[in-house]
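Spelled out, the chains give:
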Amino acid sequence: MPPLAKYLSQTTAHTLCGVLDGSPIRMKRGAAVRGFSLVEVVIAIGVIAFAFIPMMGMLPAGLDLSRQAIDTTVEAQIAQQLTAEVLQTDFSRLDELASSSVINPYYFDDQGSKVADPSNAIYQAIFAISTSTALPDAVATQKLATVTLCVLNTKSNRTSQEQDLTKNPDSKKITLLVPDNGR
């Protein structure tokens, strides 16, 4: 090994081991020490806590908004199913459909699928049908029915305990005009 390479390798080895010319290297106090002081750590924790507390306060509001969005989506699916059923029913039998839904309401699970057992139901729906509908200029007709679908989430925190879905302010109401198409 050439003398210069030998010297550099020894110098590097000694420097890495903390020895230079046979004596230990003394470092200045705090000169090469890396890390955070206790004050810096406390300030960082304070800043993080200051940011997280409002975010934790917003968590319940976000969860409530998410639940409302799910309810709206499922109620729209239920209304779509019931609207299809009304439109497929013969016009002369709409009153029967309405009276049977009041006696035996439709029950739905959390996915908007019909269930037979009311104890497993999350949503309840009924029809309210009026076959004498007034047109503009107070013209009455028997060829048009006003169908009101009422859908209610029975498991949510409601403000009203009204059992009649047509009068309950918490139920979602959808109104359709169904013509007598002569079928």
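What you are looking at is a predicted structure, and each value in this text was computed from that prediction instead of being measured. (Residues numbered from 1 in each chain as written. Predicted model: local features only at pLDDT ≥ 70, side-chain atom pairs only at ≥ 80, totals over all residues. Heavy atoms only, no water.)

Below, the discussion takes up a nonpolar patch on the surface. Together, Phe-36, Val-41 and Ile-45 make up an exposed nonpolar region whose accessible area comes to about 340 Å². Residue placement: Val-41 occurs in helix H2 (residues 38-88). (Patch = residues over 30% accessible without salt bridge, like charges linked within 9 Å, V, L, I, M, F, W, Y side chains within 5 Å. Areas by Shrake-Rupley, 256 points an atom, 1.4 Å probe, with all protein chains shown as cover. Salt bridge = Lys/Arg side-chain N within 4 Å of Asp/Glu carboxyl O. Helix = DSSP H or I, 4+ residues; strand = E, 2+ residues; numbered from the N terminus.)

Helical periodicity: at 3.6 residues per turn, an α-helix aligns residues three or four positions apart in one direction. All of the buried residues along helix H3 (residues 94-103) are Leu-94, Leu-97, Ala-98 and Ser-101. The buried residues of H3 occupy one face: seen down the axis, they fall within an arc of 95°. Looking at the buried side of H3, the elements it contacts are H2, strand S3 (106-108), strand S5 (123-130), strand S8 (144-153) and strand S9 (172-179). (Buried < 20%, exposed > 50% of the residue type's maximum accessible area, 1.4 Å probe, protein only. Arc of directions from axis to C-beta. Contact = heavy atoms within 4.5 Å.)

Evaluation of the coordinates by the stated rule reveals four salt bridges. Among the charged side chains, a network of salt bridges with common partners joins Asp-64, Arg-67 and Asp-71.

A few words now on the pairing of S8. Taken across its ten residues, S8 has ten buried, putting it largely inside the fold. Taking every second residue as pointing to the same face, both faces of S8 are buried, with Leu-144, Thr-146, Thr-148, Cys-150 and Leu-152 on one and Ala-145, Val-147, Leu-149, Val-151 and Asn-153 on the other. When S5 meets S8, the two strands line up antiparallel, connected through eight bridges. Within S8, the position partnered with Tyr-123 by the bridge is Asn-153. (Pairing = 2+ DSSP bridges.)

What characterises a pair of aromatic rings is the spacing of the ring centres plus the angle enclosed by the ring planes. Taken as a whole, this structure holds one aromatic pair when the rule is applied. An angle of 80° between the planes, with centres 5.6 Å apart, marks the rings of Tyr-106 and Phe-127 as edge-to-face. Of this pair, Tyr-106 sits in strand S3 while Phe-127 sits in strand S5, and the two are 21 residues apart along the sequence. Each member of the pair, Tyr-106 together with Phe-127, is buried. (Phe/Tyr/Trp six-rings, centres within 6.5 Å; stacked < 30°, edge-to-face > 60°.)

With that settled, consider the environment of Ile-126. Considering the arrangement of structural elements, one finds Ile-126 in strand S5. Ile-126 sits 29 residues away from Leu-97 along the chain, and the two C-alpha atoms are 9.4 Å apart. Once residues within four sequence positions are removed from consideration, Ile-126 is found in contact with Ser-101, Pro-105, Thr-148, Leu-149, Cys-150, Asp-164, Leu-165 and Thr-166.

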